[in-house]
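Structural description and commentary
Residues per chain, in single letters:
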Amino acid sequence: MAMGEMAAKANVGEGCDVCAGRTYVIERRGDLAGAKVCACSERCTVCGGKGHVLVEREATFSQKVGSRRYEVLEPCVCTHRRKRVALFNDVGMPGVVAHASFDNYRAFNEAQDRGRGVAMHFAHQYVKGNPSKGFVLSGPVGTGKTHLLASTLAHLVLELGVRTRYVEISLLYATIRRGFQEGKSGGEIIGPLSEVEVLAIDELGKGRGSPFEMETLDELIARRYNARRTTLFATNYSLEPERKSARQAPTGYRSTEDARAAVKETELLRERVGERIYSRLCEMCTFVELPKDTPDRRRTRQEMDTHPSLGAGAPRGPGR
Ligand SMILES: Nc1ncnc2c1ncn2[C@@H]1O[C@H](COP(=O)(O)OP(=O)(O)OP(=O)(O)O)[C@@H](O)[C@H]1O
Ligand SMILES: [Mg+2]
Ligand SMILES: [Zn+2]
Ligand SMILES: [Zn+2]
């Protein structure tokens, strides 16, 4: 039977302007991003809507009988697609980055180029069920950190069928606090996040740094670390104290007082999350730091809208 071959050859969605051959679309639904099967792929030409296909196999069960051919029923590509779309709708990805992809990310400096490279490499080499080293993206506001987390999770879920979750750390603290009022324990909320195959934690280091927040973060990260699970992070706090302060104080005209104050000002992730968590991050992740002068895309876009002449060549896809 040629059903299996047909499944392999089927190029559903190819040439579609809406999904560019991906067969699914991600769209903003209020606060969250949601996925759906593209209209071009709703009617499956592979299985005719049955959802499964017959695939021919060959195997040797005994030497006497020798090699035998047999047919098995397997889920069709359209079944996988529907499942992945449903998985995506459980990620909790913010609606504001529904448009984000590796393709529409622009690197304005080497560090951003490296950031995209690290995220893309992570996504493309990831094998479902095999934990791998994650990454931490550190940098100023509006530089595409959440954009890259979103692009990575979208690839993992929709191309590979990996179960993932996105959490913004201060929203997580708020959810747990609200849970307390409803009589839920922190563990009820932390539990599923500790176990999901890939977790993205955004805005790491944000918050009041209260004992409750530190304990929550410590528990979540320690549990994922102990289980060797993959975790991705984005943060506005800096990863590299030494190199920074060396660059900022090249000459001797700064007093030790000034230098000490400067260290306090350079908001270090290590100081925000504490040694225990930072030490685990070093082992769990590849670090990428974007320099302070990386342009804020929210502002540059605003300026381009106000002064359209400045925006020549600004890359903007349809509906983005
Ligand atoms: N380098 C980039 N290329 C393309 N789009 C970008 C880039 N940087 C930011 N954007 C877009 O600008 C908006 C803000 O980006 P994003 O939310 O990823 O920033 P961020 O680094 O997470 O900022 P913050 O630190 O404030 O959370 C998004 O719509 C995003 O798609
Ligand atoms: Mg962000
Ligand atoms: Zn399509
Ligand atoms: Zn099908």
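Residues numbered from 1 in each chain as written. Chains lettered and ligands numbered in written order. Predicted model: local features only at pLDDT ≥ 70, side-chain atom pairs only at ≥ 80, totals over all residues. Heavy atoms only, no water.

1. Quick word on the environment of Ile176
Relative to the helices and strands, Ile176 resides in helix 5 (residues 169-181). Sequence separation of Ile176 and Ile190 is 14 residues, and the distance between their C-alpha atoms is 8.4 Å. For Ile176, the residues in contact, after removing those within four places along its chain, are Gly186, Ile189, Ile190, Phe212 and Thr216. (Helix = DSSP H or I, 4+ residues; strand = E, 2+ residues; numbered from the N terminus. Contact = heavy atoms within 4.5 Å.)

2. Remarks on the confidence of the model for the protein
Looking at the protein, the pLDDT average stands at 87 and 83% of residues meet or exceed 70. For the stretch residues 1-10, pLDDT sits under 50, and the model shows ten contacts to residues farther than four places along the chain or on other chains. Considering only residues more than four positions removed or in separate chains, one finds that residues 311-320, a stretch of pLDDT under 50, has seven contacts. (pLDDT = per-residue confidence, 0-100.)

3. Some points on the environment of Ala123
Along the chain, Ala123 turns up in helix 3 (residues 110-125). Note on Ala123: relative accessible area 0%, which makes it buried. Along the sequence, Ala123 and Leu160 sit 37 residues apart, while their C-alpha atoms lie 9.4 Å from each other. With near-sequence residues (within four places) excluded, Ala123 lies in contact with Phe102, Thr152, His155, Leu156 and Leu160. (Buried < 20%, exposed > 50% of the residue type's maximum accessible area, 1.4 Å probe, protein only.)

4. Structural notes on the packing of aromatic side chains
Remark: the centre distance and the inter-plane angle together describe each pair of aromatic rings, the angle taken between the planes. Counted by the stated rule, this structure contains six aromatic pairs. Between Phe61 and Tyr70, the ring centres sit 5.8 Å apart and the planes meet at 55°, which makes this aromatic pair tilted. Its relative accessible area of 30% is what places Tyr70 among the partly exposed residues. Centroid distance Tyr278 to Phe287: 5.9 Å. Interplanar angle 65°. Geometry classified as edge-to-face. A relative accessible area of 9% places Tyr278 in the buried class. When its relative accessible area of 21% is taken as the criterion, Phe287 is described as partly exposed. (Phe/Tyr/Trp six-rings, centres within 6.5 Å; stacked < 30°, edge-to-face > 60°.)

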